[in-house]
Amino acid sequence: MNSLGAITAKLAFATEPEDQVRLLSVHLALLDPEEREATARMLAEPPQVRRILLSALRNLAREQIGEELYALSQDFVGDAYETIALVWQPSRLHNRAPTTQDIWQGLAEHGPSKLLPVARDWLDASDAEGRHILIRVLTGTFRSPVPRHVLDKAFEIGNVRYRPEQEIRPPATRSQTDRKSTRLNSSHSSVSRMPSSA
C-alpha cells in the first residue's frame, strides 16, 4: 500500500483531532523526503480533475471476474469504488506498489488514454486498501480524511513542506492549443467595433 493509502486507513480509526495530528505527524516523519512531500501535497491539495471514468475501471473489473459475479459483488458491497478494489484480480505480479510520488507524477505526465494502462498496472501492484484510495484519486473523488487545520498542525509539528502546485489537469491536445491560441483572452484589451467618429 502506498503512503497515502496507509495514512488514510490509520486516520479512519482516529476521531479526535489530537490523535489525528499525532498519527499524521508520526507517519509523515517516517517517509523519505520525496514521498513525504507527495503525500502532504495529495492530502492538502488532492487532484480535483477526473482523470479516468469510474465506468472504465468497472469495465476492467467486469472483464476479470465476469458480469454476473461483479453485479453480485456490488450488490453485497454497495459501493462501486470498494467493489472494484475488493474484486480486482492482478494479472501479474509486481515488485512493489506505486508510491504516492509515482501516482502524482503519473497523473501529471499522462493524458486519460495513456493513463488507463498505467493505472491498471498500479491496481495490479496494490492491495485492496491501496486500490480503493487509488481509484478515488484517479476518478477525482479523493478527499482528505481530516480537516485542513489538522493537516496544518501535523505539518508544523513535523516541519513538513510541500510545493503548492496548480491542480493537475490533463495535458492539452494539439487541437485544444491551436484553438486556444486564436481566441482573445482576458489579457488582451477590448477593442470597440464602432468607429470613434460615429
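All values derive from a computational prediction rather than experimental measurement.

A. Expanded view of helix H2 (residues 17–29). For H2, with 13 residues, the first-to-last C-alpha span of 18 Å sits near the 18 Å given by 1.5 Å per residue. Three or more residues of H2 are buried, namely Gln20, Val21, Leu24, Ser25, His27 and Leu28. The buried residues of H2 occupy one face: seen down the axis, they fall within an arc of 165°. For H2, the exposed residues set more than 90 degrees away from the buried face come down to Glu18 and Ala29. Turning to H2, the residues buried within the fold contact helix H1 (3–11), helix H3 (33–44) and helix H10 (148–157).

B. Main features of the packing of aromatic side chains. Inspection of every chain in the model, using the stated rule, returns zero aromatic pairs. The ring of Trp104 has Arg41 sitting right over it, with the charged end atom 4.8 Å from the ring centre. For the cation-ring pair, Arg136 lies above Tyr81, with the distance from its terminal atom to the ring centre recorded as 3.7 Å.

C. Highlighting the pattern of salt bridges. Throughout the structure, instances matching the rule amount to five salt bridges. Here Arg136 ties to Asp79 by a salt bridge, and the two come within 3.9 Å at their closest N and O atoms. Placement of the pair is Arg136 in helix H9 (residues 128–138) and Asp79 in the loop between helix H5 (67–77) and helix H6 (80–87), with a sequence separation of 57 residues. The salt bridge partner of Asp102 is Arg96, with a shortest N-O separation of 2.8 Å. Residue classification places Asp102 among the partly exposed positions, given a relative accessible area of 23%.

D. Looking closely at the confidence of the model for the protein. Per-residue confidence for the protein averages 81 on the pLDDT scale, and 80% of its residues sit at or above 70. Per-element mean pLDDT across the protein ranges from 43 in helix H11 (residues 174–181) up to 93 in H2. For the stretch residues 173–198, pLDDT sits under 50, and the model shows two contacts to residues farther than four places along the chain or on other chains.

E. The environment of Ile84, seen in detail. Mapped onto the secondary structure, Ile84 falls in helix H6. In sequence terms Ile84 and Leu60 are 24 residues apart; their C-alpha atoms lie 8.9 Å from each other. Contacts of Ile84, omitting those with residues within four sequence positions, involve Leu54, Leu57, Arg58, Ala61, Tyr70 and Ile135.

Here is what the cut-offs are and how they apply
- Residues numbered from 1 in each chain as written.
- Predicted model: local features only at pLDDT ≥ 70, side-chain atom pairs only at ≥ 80, totals over all residues.
- Heavy atoms only, no water.
- Helix = DSSP H or I, 4+ residues; strand = E, 2+ residues; numbered from the N terminus.
- Expected span 1.5 Å × (residues − 1).
- Buried < 20%, exposed > 50% of the residue type's maximum accessible area, 1.4 Å probe, protein only.
- Arc of directions from axis to C-beta.
- Contact = heavy atoms within 4.5 Å.
- Phe/Tyr/Trp six-rings, centres within 6.5 Å; stacked < 30°, edge-to-face > 60°.
- Lys NZ or Arg CZ within 6 Å of the ring centre and 35° of its normal.
- Salt bridge = Lys/Arg side-chain N within 4 Å of Asp/Glu carboxyl O.
- pLDDT = per-residue confidence, 0-100.

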